[in-house]
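# Observations on the model geometry
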Amino acid sequence: LFDFWAILKMSSVFRHFLRKFLVSNYIKCIRPDHKINSIQNYIASETKDLYHNVDVNVYQENIFHTKMLIKDFDLDNYLFGVTKKELQQGEKKKIKQKLKKEMAEIFYGRNIPKV
């Protein structure tokens with residue numbers, strides 16, 4: 001129905017919303033009579049190993065999704081018009097910190113203050 005590897009190549013924000021939509025609708029349409037307790041049961045273990053996974057389920061509404069935060073990422077996948085080779089070490093570190101903070105805020109659903 002859909003290719004998880006193609007989803008992995010997308011931006012984290014778009015991937016989160018797309019995954020939530022596809023998985024919840026796929027389960028509702030294809031397996032309405034199937035007892036579900038975790039979407040993680042339907043994700044390959046190789047894929048799950050790349051992410052921090054948290055189930056967010058609303059059983060009364062038959063809504064099941066898994067929030068996924070990538071553990072390690074390639075900075076080049078998140079840069080536009082420049083590659084990480086063109087950046088200085090300090091710039092790479094600063095961009096990576098900001099990117100991790102943004103991903104964590106989306107994953108946990110709240111603003112994370114500066115420390």
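Rules of the game
- Residues numbered from 1 in each chain as written.
- Predicted model: local features only at pLDDT ≥ 70, side-chain atom pairs only at ≥ 80, totals over all residues.
- Heavy atoms only, no water.
- Helix = DSSP H or I, 4+ residues; strand = E, 2+ residues; numbered from the N terminus.
- Contact = heavy atoms within 4.5 Å.
- Areas by Shrake-Rupley, 256 points an atom, 1.4 Å probe, with all protein chains shown as cover.
- Expected span 1.5 Å × (residues − 1).
- Buried < 20%, exposed > 50% of the residue type's maximum accessible area, 1.4 Å probe, protein only.
- Salt bridge = Lys/Arg side-chain N within 4 Å of Asp/Glu carboxyl O.

So, on to the overall build of the chain. Each helix and strand counted, the chain has four helices and two strands in total. Scanning the chain from its N terminus toward the C terminus, one meets helices and strands in the order α-α-α-β-β-α. Taking all contacts inside the chain whose residues are at least 6 apart in sequence as the whole, residues at least 24 apart take part in 36%. Of the roughly 8500 Å² of accessible surface on the chain, 54% is carried by carbon and sulfur atoms.

Glancing now at the environment of histidine 52. With respect to the helices and strands, the residue histidine 52 is situated in strand E1 (residues 51–58). Sequence-wise, histidine 52 and lysine 71 are 19 residues apart; in three dimensions their C-alpha atoms are separated by 6.4 Å. With near-sequence residues (within four places) excluded, histidine 52 lies in contact with Lys67, Met68, Leu69, Lys71 and Phe107.

As a further point, take helix H4 (residues 89–108). If you check H4, its first and last C-alpha atoms are 28 Å apart, about what 20 residues at 1.5 Å a residue would give, namely 28 Å. Within the sequence span of H4, burial applies to Leu99, Met103, Ala104, Glu105 and Phe107. Taken from the residues just after H4, glycine 109 is the one with a positive phi, measuring 70 degrees.

The next subject is the pattern of salt bridges. Evaluated as defined, the whole model comprises two salt bridges. Two residues, aspartate 74 and lysine 84, come together in a salt bridge whose shortest N-O distance is 2.8 Å. Of the two residues, aspartate 74 is situated in the loop between strand E2 (63–70) and H4 and lysine 84 in the loop between E2 and H4; the sequence distance between them amounts to 10 residues. For aspartate 74, a relative accessible area of 32% corresponds to the partly exposed category. Owing to a relative accessible area of 29%, lysine 84 belongs among the partly exposed residues under this scheme. A salt bridge links glutamate 105 to lysine 101; the nearest nitrogen and oxygen atoms lie 2.9 Å apart. One end of the pair is glutamate 105 and the other is lysine 101, both in helix H4 and four residues apart, which spans about a single turn. Take glutamate 105: its relative accessible area is 14%, and that puts it in the buried class.

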